[in-house]
Amino acid sequence: MLEARLQQGSLLKKIIEAIKELVTDANFDCNDSGIALQAMDNSHVALVALLLRANAFEPYRCDRNLSLGISIANFAKLLKCGANDDTITIEADENGDSLNLTFENETGDRTSQFELKLMDIDSDHLGIPETSYDAVVKMSSAEFQRICRDLSTLSESVTIDCTKEGVKFQAVGDLGAGNITIKQGASIDQEESTTIDLQQNCSLTFSLKYLLNFTKATPLASSVTLSMSNEVPLLVEYKINEVGFVRYYLAPKIEE
Amino acid sequence: MSPTVKRKSENEGEIHHHVEQLDYQSPKKLKNDGPSTFELQLQKMEAESEKMVDPVSFWNRPPLPKINPNEDPIIFQQIEIDDYVNIKNNSTAEFGSTKTMEPVIRFYGCTEKGNSVVCNVHGFYHYLYIPAPVNFKESDLPAFKEALSTNNDVKKVEIVLRESIYNFHGNQKSPYIKITATLPKQLSGIKRKLEQGINIPGFGERGFNTYDSTLNYDLRFMIDRNVTGVNWLECPPKKYTIRPKQECVSNCQLEIDIGYEDLISHEPENEWSSIAPLRILSFDIECSGRPGIFPEPKVDSVIQIANVVTIQGESKPFIKNIFTLKSCSPIIGSHVMSFENEKELLQAWSDFFVKVDPDVITGYNILNFDIPYLLDRAATLKVNRFPYLGRIKSTKTEAKDSRFSSRAYGTRESKNINLDGRIDFDVLQMMQRDHKLRSYTLNSVCNHFLGEQKEDVHHSIITDLQNGNAETRRRLAIYCLKDAWLPQRLLDKLMCLINYIEMARVTGVPFNLLLQRGQQIKVISQLYRKAIEEDLIIPFMQQEVAEEQYTGATVIEPKKGFYDCPISTLDFNSLYPSIMMAHNLCYTTLLNKQTIERLGLKKDIDYIVTPSNDMFVKEKHRKGLLPSILKHLIDARKKAKVDLKKETDPFKKSVLNGRQLALKISANSVYGFTGATIGRLPCIPISQSTTAYGREMIEKTKYLVESHYSIANGFPHDATVIYGDTDSVMVRFGVQSLEEAMKLGREAAQFVTQHFIKPINLEFEKVYFPYLLISKKRYAGLFWTKTEKYDKLDAKGIETVRRDNCRLVQNVIDTCLRKMLIDRNVEAAIDYAKQVISDLLQNKIDLSQLVITKALSKTEYDGKQAHKELADRMRKRDPGSAPNLGDRVAYVIIKAAKDAAAYEKSEDPLYVLEHNIPIDTKYYLDNQLSKPLMRIFEPILGDKAQSLLSGDHTRVISVAAPTIGGLMKFAVKRETCLGCKAVLQKGEKAVCAHCKPRLGELYQRQIMQFNINERKYARLWTQCQRCQGSLHQDIICTSKDCPIFYMRKKIQKDMKDNTNLIERFKFEEIIQCSKTN
């Protein structure tokens, strides 16, 4: 039996919005420590890893490990039925074939209940092993979103160069070229200032289409971490207020 | 790489050992432990035939009997015709030596005894007509000849009375000038001069319309002398001369000369309807190849040539031999000839070919591959005596590119190969013309028609087999022999040769033209043949693309739905031919206003006005040519059908059946000929009147049936016409029993027929019960002609017959229809459809079911197309195995990034199989299955049908992980619990702590699954062994058309996964054991 009550219902909405472009159907793995999801996109170029720890919910109860097969698109549709300030309660039975969603508004005078049919998804559970990266860049998530958006007007791919001085995003396309450089500690605001933890210079090329998809998670966190090593997938991580994270992995583009 | 990845690969290696060891082994290990079934067949044939002395002694034709030209006629069946120019040296005392040139027609043929004959026919000249100018007299002829002639090309001019085929002229013949050319090829020059205009003394400069000017010389001769395709010719005694051996130009046993008026042509009737004992050679070659590259004649050698020679009408081949490069172990029942040198091999084959002197050459794709390859290879190796495969000794055989384009058959590129005097009959071309199939590989064609598969050996393996030893080459030789024999068996089974010969006889077209040309030539040949009887001549018409479109056939708006009552179907038999006959529609009866005024004709007494406002004169004034051609064809067909019923000899039966089919097709193509606006002789008034009558008749039938069979007239129910198309109407009489429906149908057909002019005949043909009417041209029903048992399930326009979707759709729709219509169990049909959808989403459907094929018909498409893009991608990977122009490309749709276009998602099925690439099951559900399913279920279920596509059964899915692609080499698989799919913690191997109590049950489940798979795999494996014909040899077949192949591969992979899972339980056991200890 799973029962999880989320004070900030909008958080769940944002999370689903952040992954629904990449994942169509996926298993949510629930255990006593929290709710997790790992799924690849259809073209197997990107991977999404999501974790919401138990402390994100109040209360949280999960008697045994559960795997809930959910159609993300349908889940998003139902979540739209709740207002932003609503509290959301998720409930699922051990052998049930559906997920119950309860929305309560702030004053507690309106509750609505929905039921989502679950799917039985048979898929391999794939993950990217944790490694140490040559370069770890922490920067403002809004800034990252803007960079991706701007460069995507030029080209389908972006090359990211990390050096001691800063991190440089470059794109070359038919209509011209552009590059954006962010230096360490450029921003005044402590929260959003850029930090670069560099072991070794590195330069990698990625598809902008996917990066743009990742930036759908921007509302979840004010800063984003990009972890890179040459010829290894990029890790883009959005931390959710100490209660979890959304991580994206993206395979580098290999020159043909 | 991380240690986990390493472990995975180790595992794979181990499993490889488990499962793969059965599969492909390197050819060095190939051993032959016993005869295959095909070998047994060869053996049997050997035993049945008499003891062989020397296999080469069979090569020659039977010896020529002694012929006395003064007493013995020479009778032979001609199979091909060509012509040449004979240059005669006339030396006379007065003028010295002069050269005269004379055209000669040359027939190639075969006598009843099987002797080959060349017959040179002398004295026939090619000609055309022009209308004589007003007041042109006999005395003007010399001046006219003088004006027209250049280089002595006009042999003769004369005034004759003829009539143009176009329009009715009041049965008045007019004077025409017949111009005879010295040489056939000069005629087109004369035609051009006449059209451009010549200056005739006394008549001034003027141009002429030419008549009968587009026929070629050979056909002209055949028409004038009433020679049809492949008929029997007789040279009466004393009229012919036999050429002495030293003057013979051909390899034939007998060469004779005869004047054209002495040659007797027999109509292919009664005793003359037989077929000579033609020699049919079917062959196949194998070439060595380099990995990844399709064999090229400049580099890759020919390593084997297998030949099978059969005499027409006999069931067994009398020569089976194989020419191999390097030694080859003996094959029972076959003559193996081994050569160390490729040049010797080619020359020996060429000698064999000439010696056997086949009348018909067949094989699979020989015209575009085997023969050109041999010719090119021989040229590369400078085997100079090789390319003389025709019957004329001095003519070199060459392959020329040709392009064939026809409305009915589409555009095909092919090679034209001159094999004088022999019929080349490529089974592949015939298949592509006459049968619509998903795939045209020899394997799938054999599967379709003979019900048996053959191995499909990839060309890269062929080289390995060749480089092995005599045993491996024997293996290849058996494969090659089978490939040579199968086309022959297809010919026999489909009776192609007989059907084509009958078609040639009925339409009068030479055999070789039937395969090279479209439908028009057949009608033209018949038109000329009829026209010449009535002194009619055919004008040359400029081909112009007419914008004019006339209305086609009518369709009565269908009353859609599922009818659980008998629906009687009434058909007009041969609708268009019978309309043309009934109303005397023809070129010769077409009237215009001027003629009507000039001859003072009266409407409805002398002529009729058709519903499309065209006018035709009535039969009492002139009987049309087309109606009499049609009458001839239809009568002949009736006769053939009557004979067919009486005939008991199966061979003669097949000839008659071939004939009646040929007649039917010919009759139907006459209407099309008049409507072909870019054809030789289009006549829109005829074709539009025909369709207009057709429309009127369908409407009238509907009215008659509905008004007569009504409650008002004392019938128990009001009959309704629920649908009607072109030549048939479907009537619901309202009765419940089949018997009544048939009785009423028969009555109604008779009743309606009375209201139409003869020979229009409405016939009751069948009852559909039940009947599912989906929309125009789309329906299905159970087909009854007798009350005891239904004949078949008939489906029109439904996905069961179309080729542009995957086999899954076809199977599902077919099965659903069966359940609905035959078992009358709609519930079962729904359950079945749901089950298939569920299986599809769980990846349980065989890949072969999902393959879509599409012909790569052009190099440039507007916009991107899935099959074209894939062909390009495959070419980059391996140019050898990539599909070429004209091939059908097979592909499946794979998962890709969101919103990717379909053309980005197409992939080669084999590639998908090898790399475990996930299939886009959603695409198959939404784009392939949903519409056809909705169409058949909506009439029954109404709005509820939608639940088929979104019910509970769609909620169990399976997502496969590929072995290639962006992230896959970095990703690590984490094990999940086999009971509840929860991610496993450290130390847990098979199940999570929670599911531990179920361990036994889960283990058993896996073992059971494994057993099922194992059994399935074993069965598939034996199936393949049977197909290749040996239980002791490895399977080397990689046929892309074979569902078994995909199943075998898939189950192999499933077992690998299975074994992996079972492996996981081992650790559990150890843990448990250690705990209990």
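Numbering of residues starts from 1 in each chain and follows the order in which that chain's sequence is written. Chain labels run from A onward and ligand labels from 1 onward, assigned in the order the entries are written. Thresholds applied to this predicted model are a pLDDT of at least 70 for local features of residues and 80 or more for the giving and counting of side-chain atom pairs; totals over whole chains, interfaces and linings are not thresholded and use all residues. With hydrogens and water stripped out, all remaining heavy atoms of the structure feed into the side-chain values.

The next thing to look at is the domain arrangement of chain A. All names here are of chain A. Examined at the domain level, chain A breaks down into domain 1 (2-117) and domain 2 (135-250). Each domain's extent was defined by an automatic or database domain assignment. Taking the mean C-alpha position of each, domain 1 and domain 2 sit 28 Å from one another. Contact criterion: two residues are considered in contact whenever any of their non-hydrogen atoms come within 4.5 Å of each other. Across the boundary between the two partners, domain 1 contributes 21 residues, which contact 17 residues of domain 2. Put simply, buried area is how much 1.4 Å-probe accessible surface two parts lose in total, over both of them, once they are put together. Carbon and sulfur atoms supply 63% of the area that domain 1 and domain 2 bury against each other, a total of about 1600 Å² over both sides. Basic side-chain nitrogens of Lys or Arg form a salt bridge, by our definition, when they fall within 4 Å of a carboxyl oxygen of Asp or Glu. Run the count over domain 1 and domain 2 and you get zero salt bridges.

What follows deals with the sheet that holds strand 34 (residues 888-893) of chain B. All names here are of chain B. One bridge is not enough; two strands pair if DSSP finds at least two bridges between them. Helix and strand labels come from DSSP, where a helix needs a run of H or I of at least four residues and a strand needs a run of E of at least two; each type is numbered from the N terminus. Strand order in the open sheet made by the three strands is 33-34-35, with antiparallel pairing throughout. Of all strands in the sheet, those bounded by a partner on one side alone are strand 33 (852-855) and strand 35 (906-907). Here strand 34 pairs with strand 35 via two bridges, running antiparallel. Looking at strand 35, one finds that Ile-893 is bridged to Ser-906.

Attention shifts here to the interface of chain A and chain B. Contacts between chain A and chain B engage 39 residues on the former and 33 residues on the latter. Here chain A meets chain B over a buried area of about 3000 Å², counting both sides, of which 60% is carbon and sulfur. In this structure, the connection of chain A to chain B is made through one salt bridge. The partner of Lys-117 of chain A in a salt bridge is Asp-952 of chain B, with the nearest N and O atoms 3.8 Å apart. Secondary structure elements with two or more residues in the side of chain A that touches chain B: strand 2 (25-31), strand 4 (46-53), strand 10 (120-123), strand 11 (125-127), helix 4 (208-214) and strand 20 (244-250) of chain A. Broken down by element, the residue count for the side of chain A that touches chain B peaks at four residues, all from strand 10 of chain A. Here the nonpolar group is Ala, Val, Leu, Ile, Met, Phe, Trp, Tyr, Cys and Pro; Asp, Glu, Lys and Arg are the charged ones; every other residue, Gly included, is treated as polar. Residue classes in the side of chain A that touches chain B are distributed as 18 nonpolar, nine polar and twelve charged. Across three bridges, the pairing between strand 11 of chain A and strand 37 (residues 972-974) of chain B is antiparallel. Of the residues in strand 37 of chain B, the one forming a bridge with Leu-126 of chain A is Lys-973 of chain B.

Splitting chain B by domain gives domain 1 (68-277), domain 2 (279-493), domain 3 (822-954) and domain 4 (982-1075). On a C-alpha basis, the centres of domain 1 of chain B and domain 3 of chain B stand 59 Å from each other.

Below, the discussion takes up the side chain of Asp-161 of chain A. Residues and elements named next belong to chain A. Relative to the helices and strands, Asp-161 is located in strand 13 (residues 157-162). Buried and unpaired, Asp-161 has Lys-168 as its nearest opposite-charge partner, separated by 5.1 Å. A distance of 2.9 Å separates the side chain of Asp-161 from the side chain of Gln-170, its partner in a polar contact. Aside from chain neighbours lying at most four places away, what touches Asp-161 is Gly-166, Val-167, Lys-168, Gln-170, Cys-202 and Ser-203. Residue burial is assigned from relative accessible area. The probe radius is 1.4 Å, only protein chains are included, and a residue is buried under 20% of its type maximum, exposed over 50%, and partly exposed in between. Think of it this way: Lys and Arg go in the positive column, Asp and Glu in the negative one, and His and the chain ends go nowhere. Here a polar contact is recorded for every N or O atom pair within 3.5 Å, except that within protein the pair must consist of a potential hydrogen donor and a potential acceptor, and residues adjacent in sequence are included only if both atoms are side-chain atoms.

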